[in-house]
Amino acid sequence: MNISGLDTISGDIAQAGYFVKCILTDRVAVFFPGSIQHRDVKRDGASYEDDYKGNAMAATITPGRMDIRFHERYSDEAVQRIAASVLGCQEMEWASGFSIIYQGRTLIP
């Protein structure tokens, strides 16, 4: 899994009550500040587009939780595998133990 953009959120995640965002595919997770729209981030071959036209899922991250928006190309099993891969990366230590929520359902408690 290729993780990018952590440098853009390092100040945010150091604060209590942070809100950051991410787009993810089965190969890449791109993190960015919460003030930026998912559709405006195009990086490392990942693109989130309205109406499922992009190849990436959109996620919001708050302390202890990653909420992933539904994308018709990704099954629950795929989302769970991708999220576990992201959380398992060494540079993601700050998100260790996070719950993964997909379509309002907890996939990883």
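Here is a short report on the structure shown in this document.

The rules behind these values
- Residues numbered from 1 in each chain as written.
- Predicted model: local features only at pLDDT ≥ 70, side-chain atom pairs only at ≥ 80, totals over all residues.
- Heavy atoms only, no water.
- Core = buried A, V, L, I, M, F, W, Y, C linked by side-chain atoms within 4.5 Å.
- Buried < 20%, exposed > 50% of the residue type's maximum accessible area, 1.4 Å probe, protein only.
- Helix = DSSP H or I, 4+ residues; strand = E, 2+ residues; numbered from the N terminus.
- Expected span 1.5 Å × (residues − 1).
- Arc of directions from axis to C-beta.
- Contact = heavy atoms within 4.5 Å.
- Polar contact = N/O pair within 3.5 Å; in protein donor to acceptor, adjacent residues only side chain to side chain.

## Examining the nonpolar core
- The biggest cluster of nonpolar side chains holds 29 residues, and the ones touching the most others in it are Phe31 and Ile68.
- Listing elements by their share of this core, those giving two or more residues are helix H1 (6-13), strand S2 (20-24), strand S3 (28-33), strand S6 (57-62), strand S7 (65-68), helix H2 (76-87), strand S8 (99-102) and strand S9 (105-108).
- Looking at which element gives the most residues to this core, the answer is H2, with six residues.
- Among the nonpolar cores identified, the runner-up in size contains nine residues, and Val28, Ala46, Tyr48 and Ala58 belong to it.

## Examining H2
- The terminal C-alpha atoms of H2 lie 16 Å apart, and with twelve residues this matches the ideal 16 Å at 1.5 Å per residue to within 8%.
- Three or more residues of H2 are buried, namely Ala78, Val79, Ile82, Ala83, Val86 and Leu87. With its buried residues spanning 160 degrees around the axis, H2 presents them on a single face.

## Concerning the environment of asparagine 55
- When you line up the elements, asparagine 55 lands in the loop between strand S5 (46-47) and S6.
- Classification of asparagine 55 by relative accessible area gives partly exposed; the value is 27%.
- A C-alpha to C-alpha distance of 16 Å links asparagine 55 and aspartate 76, two positions 21 residues apart in sequence.
- Beyond its immediate stretch of four places on either side in the chain, asparagine 55 contacts Leu24, Thr25, Gly45, Ala46, Ser47, His71, Arg73 and Tyr74.
- For asparagine 55, the side chain forms a polar contact with the main-chain nitrogen of serine 47, separated by 2.9 Å.

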